[in-house]
Amino acid sequence: MPKNSKGIEVAKILPEKCIGCQICVAECPVGAIEMSNGAAVIDPEVCIGCGKCFEVCPVEAVKFEKKRSPKKIRKPEEVAQYARDNYRGVAVFIESFNGQGATVSWELIGKARQLAEKLNTRVIGFLLGYEVNDSAREAIAYGCDEVHVIDDPLLRTYISKPYGKALTDLCKKVKPEIFLIGATPLGRDLAGIVATNLETGLTADCTGLDIEEEKNLLLMTRPTFGGNIMATIFCEHHRPQMSTVRPRVFKTPEKNPARNGNIYCHVLEPPHDKLPELIDFIKDVVSGDGVDISRFPALVVAGKGACDLETMPLLEELANLVGGIVACSRPVVEAGLMPYDRQVGQTGKTVAPKLYLGIGVSGAVQHLVGMQGSEKIIAVNADPKAPIFNVADVGIIGDYKKVVPVLIEELKKRKLRN
Ligand SMILES: Cc1cc2nc3c(=O)[nH]c(=O)nc-3n(C[C@H](O)[C@H](O)[C@H](O)COP(=O)(O)OP(=O)(O)OC[C@H]3O[C@@H](n4cnc5c(N)ncnc54)[C@H](O)[C@@H]3O)c2cc1C
Ligand code: SF4
Ligand code: SF4
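Keep in mind it's a predicted model, so treat the numbers as computed, not measured. What you see as residue numbers is a count from 1 along each chain, following the sequence as written. Chain letters start at A and ligand numbers start at 1, both assigned in the order the entries are written. Predicted model: local features are reported for residues with pLDDT of at least 70 only, side-chain atom pairs are reported and counted for 80 or more only, and whole-chain, interface and lining totals are derived from all residues. The basis for every side-chain value is the complete set of non-hydrogen atoms in the structure, without hydrogens or water.

Caption draft 1: The site of ligand 2, seen in detail. For this description, a residue counts as near a given molecule or strand if any of its non-hydrogen atoms is within 4 Å of it. Taken together, the neighbourhood of ligand 2 is formed by 14 residues, with Cys28, Cys47, Cys50, Gly51 and Cys53 sitting nearest. As a working rule, the residues Ala, Val, Leu, Ile, Met, Phe, Trp, Tyr, Cys and Pro are called nonpolar, Asp, Glu, Lys and Arg charged, and the rest polar, with Gly in that last group. A class-by-class count of the residues in the shell around ligand 2 yields eleven nonpolar, two polar and one charged.

Caption draft 2: Seen up close, the site of ligand 3. Taken together, Ile13, Cys18, Ile19, Cys21, Gln22, Cys24, Ala40, Cys57, Pro58, Val59, Ala61 and Val62 are the residues near ligand 3. Here the shell around ligand 3 is composed, by residue class, of eleven nonpolar, one polar and no charged.

Caption draft 3: Geometry of the sheet that holds strand E20 (residues 376-381). In space, the five strands of this open sheet follow the order E18-E17-E19-E20-E21, with parallel pairing throughout. Both edges of this open sheet fall to strand E18 (325-328) and strand E21 (394-397), since each of them pairs with a single strand only. Between one strand axis and the next, the sheet turns through 20 degrees on average, direction left out of account. Any two strands with at least two DSSP bridges between them are considered paired. A helix here means a DSSP run of H or I that spans at least four residues, while a strand means a run of E at least two residues long, and both kinds are numbered starting from the N terminus. Bridge count for strand E19 (residues 355-359) against E20 is five bridges, and the pairing is parallel. Looking at E20, one finds that Leu357 is bridged to Ile378. Contacts are assigned to residue pairs with any non-hydrogen atoms lying within 4.5 Å of each other. The axes are straight lines fitted to the C-alpha atoms, using for helices just the contacting stretch, and the angles between their N-to-C directions are given from 0 to 180°. Sheet strands in contact with helix H8 (residues 311-321) are strand E17 (298-302), E18 and E19, and its direction is about 165 degrees off that of E17. Contacting E19, E20 and E21, helix H12 (residues 400-417) runs over the sheet at an angle of about 145 degrees to E19.

Caption draft 4: Quick peek at the state of the cysteines. Cysteine sulfur atoms are paired as a disulfide whenever they fall within 2.5 Å. A complete count under the given rule lists zero disulfides for this structure. Cys206 supplies the cysteine sulfur nearest to Cys235, a cysteine that is in no disulfide, at a spacing of 11 Å.

Caption draft 5: Broad picture of the nonpolar core. Here, nonpolar core refers to any group of buried Ala, Val, Leu, Ile, Met, Phe, Trp, Tyr and Cys residues whose side-chain atoms link them within 4.5 Å. Remark: exposure states derive from per-residue accessible area (1.4 Å probe, protein chains only) relative to the maximum for the residue type, with buried under 20%, exposed over 50%, and partly exposed in between. Core analysis: the largest hydrophobic core is formed by 33 residues, its most contacted members being Ile109, Leu180 and Leu209. Contributions of two or more residues to this core are made by strand E5 (90-94), helix H4 (103-119), strand E8 (123-129), helix H5 (133-142), strand E9 (146-151), strand E10 (178-182), strand E12 (208-211) and strand E13 (218-224). With eight residues, H4 is the single largest residue contributor to this core. Non-local contacts of Leu180, meaning those with residues more than four positions away in its chain, are made with Val90, Ala91, Val92, Phe93, Leu108, Ala112, Leu115, Leu209, Leu218 and Ser243. Counting 23 residues, the second-largest nonpolar core is a separate cluster that includes Ile150, Ala166, Ala191 and Leu198.

Caption draft 6: Fine view of the confidence of the model for the chain. Every residue is assigned a pLDDT by the predictor, reflecting its confidence on a scale from 0 to 100. Averaged over every residue, the pLDDT of the chain is 90; the share at 70 or more is 94%. Mean pLDDT across the elements of the chain ranges from a minimum in helix H3 (residues 76-86), with 75, to a maximum in E5, with 98.

Caption draft 7: Fine view of the packing of helix H6 (residues 160-174) against helix H7 (residues 185-198). Between H6 and H7, the shortest axis-to-axis distance is 9 Å and the interhelical angle comes to 50 degrees. The orientation of H6 with respect to H7, classified from their angle, is oblique. Between H6 and H7 lies a crossing of right-handed hand. Listed contacts from H7 to Ser160, Tyr163, Gly164, Leu167, Thr168, Cys171 and Lys172 of H6 are Asp189, Leu190, Ile193, Val194, Asn197 and Leu198. Oblique is the label for any angle not covered by the other classes, which are roughly parallel (under 35 degrees), roughly antiparallel (over 145) and roughly perpendicular (65 to 115). Note on convention: near helix rotated counterclockwise from far helix by under a right angle means a left-handed crossing. Clockwise means right-handed.

Caption draft 8: Seen up close, the packing of aromatic side chains. Within 6.5 Å between ring centres, the rings of Phe, Tyr and Trp (the latter by its six-membered ring) count as paired, and their orientation is classed by plane angle as stacked under 30 degrees, edge-to-face over 60, tilted in between. On inspection of all chains with the given rule, the structure shows four aromatic pairs. Both rings, one in Trp106 and one in Tyr142, keep their centres 4.8 Å apart while their planes meet at 15 degrees; by these two values the pair is stacked. With Trp106 in helix H4 and Tyr142 in helix H5, the pair connects residues that are 36 residues apart, well separated along the chain. We count a charge as sitting over a ring when the NZ of a lysine or the CZ of an arginine lies within 6 Å of the ring centre and within 35 degrees of the ring normal. Lying across the ring of Tyr87, Lys175 places its NZ or CZ 5.6 Å from the centre.

Caption draft 9: Here's a closer look at unusual backbone geometry. Between Arg239 and Pro240 the backbone carries a cis peptide bond, its omega angle lying at 0 degrees. As for its position among the elements, Pro240 is in the loop between strand E14 (229-233) and strand E15 (241-245). One non-glycine residue, Asn37, lies in positive phi territory at about 50 degrees. With respect to the secondary-structure elements, Asn37 resides in the loop between strand E2 (33-36) and strand E3 (39-42). In this structure Asn37 comes out as exposed when scored by relative accessible area, which is 82%. For Glu131, which is not a glycine, the phi torsion comes out positive at approximately 60 degrees. Take Glu131: it is sitting in the loop between E8 and H5. Take Glu131: its relative accessible area is 58%, and that puts it in the exposed class.

See the structure below:
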């Protein structure tokens, strides 16, 4: 293969074969080809060796033999073997703000432990920030076997570029086979950057994670088609298998401060390009009534079947008696009876209270994905076939107008007794 003075392998025209069609002249991206005496001639000093002329010539009059590495599509068995040999561990991104780890990170560590046990591997934490050692120790207490930390003043505040690069670098060094990130505003941004950098797949907002037994693939379940069906997605050809999960989908594991684990410190290699400068923060804007329903241990959830103004004080009284607050399904928000902050479900909040009390809630899948992690589910519904009864621990079939006053009465009596 001839080379030019820059060492680039260049194409060569075979004049005896050339029919002078000029297709290559039109296709050459750098104008390296001219016609001379009815045949094409390549200027080797201009040619960049792209091979386009070779591809388009209809009569094979271009000699071009540059060895190209064909894009190899690997068979699933090969991928599985490669993944087993080169990638190990279930990693979780530990989101930390002002030195405090986000609850969703601990929830994901709990899930990561279950997945790691099935895979017989370790749980890895990735932690970025400034002065975040306490969060590293906490991550071990919640179940990480090792935590990889980049602690640098540049990571004090979240900026996509340094965080994206730092986390990509950690993934390249540690090579986890699975990587879980909380679907918080920060996590959603970061997960997309890292998945793009690593050229792997990302399944967002998963509501279920498990391991497929045959090939040990991560099964990532999430609602799709407007939440009407649940899709289980897996990532066969790329590593790590990445997923984001919304807060409170999984339970927070027990914290054990006596647990042992290793903390590895890495140095930040800052991105080469100029970073944006932070001028100021927009202050927190409180929307709706500012109540975070996901923090309450008990929720009395009003559905469309209990959606009228007179009912609300009754439900509030019930909520007070069980130490909780009133939340609702989407139609109640749409009817203007409650603010959006109180909506439970796919497009509302994901909640996992100790007690979920659904009053006139049918149990549509878009609602269920936001509350199925609740510890005890009690449903009151007039329709015995309502799907909410499939997930309820206790189901009360009847008109809520009759059932709720009885519940209130009984709870009051019990309180008096105690
Ligand atoms: C993309 C998308 C996202 C969505 N996101 C959400 C979401 O985040 N959250 C959400 O909640 N929904 C969401 N929905 C809407 C969801 O599909 C359902 O329409 C909604 O959850 C139904 O609310 P509901 O159970 O209160 O009302 P309905 O389905 O109308 O059920 C009312 C229930 O009340 C019962 N009832 C009626 N009268 C009485 C009575 N007197 N006593 C006792 N029971 C009674 C009925 O038997 C019925 O089961 C979404 C839909 C889509 C397409
Ligand atoms: S190899 Fe590419 S750059 Fe060189 S002559 Fe052919 S089309 Fe032009
Ligand atoms: S495309 Fe082939 S035949 Fe046509 S001018 Fe170029 S070298 Fe000659």
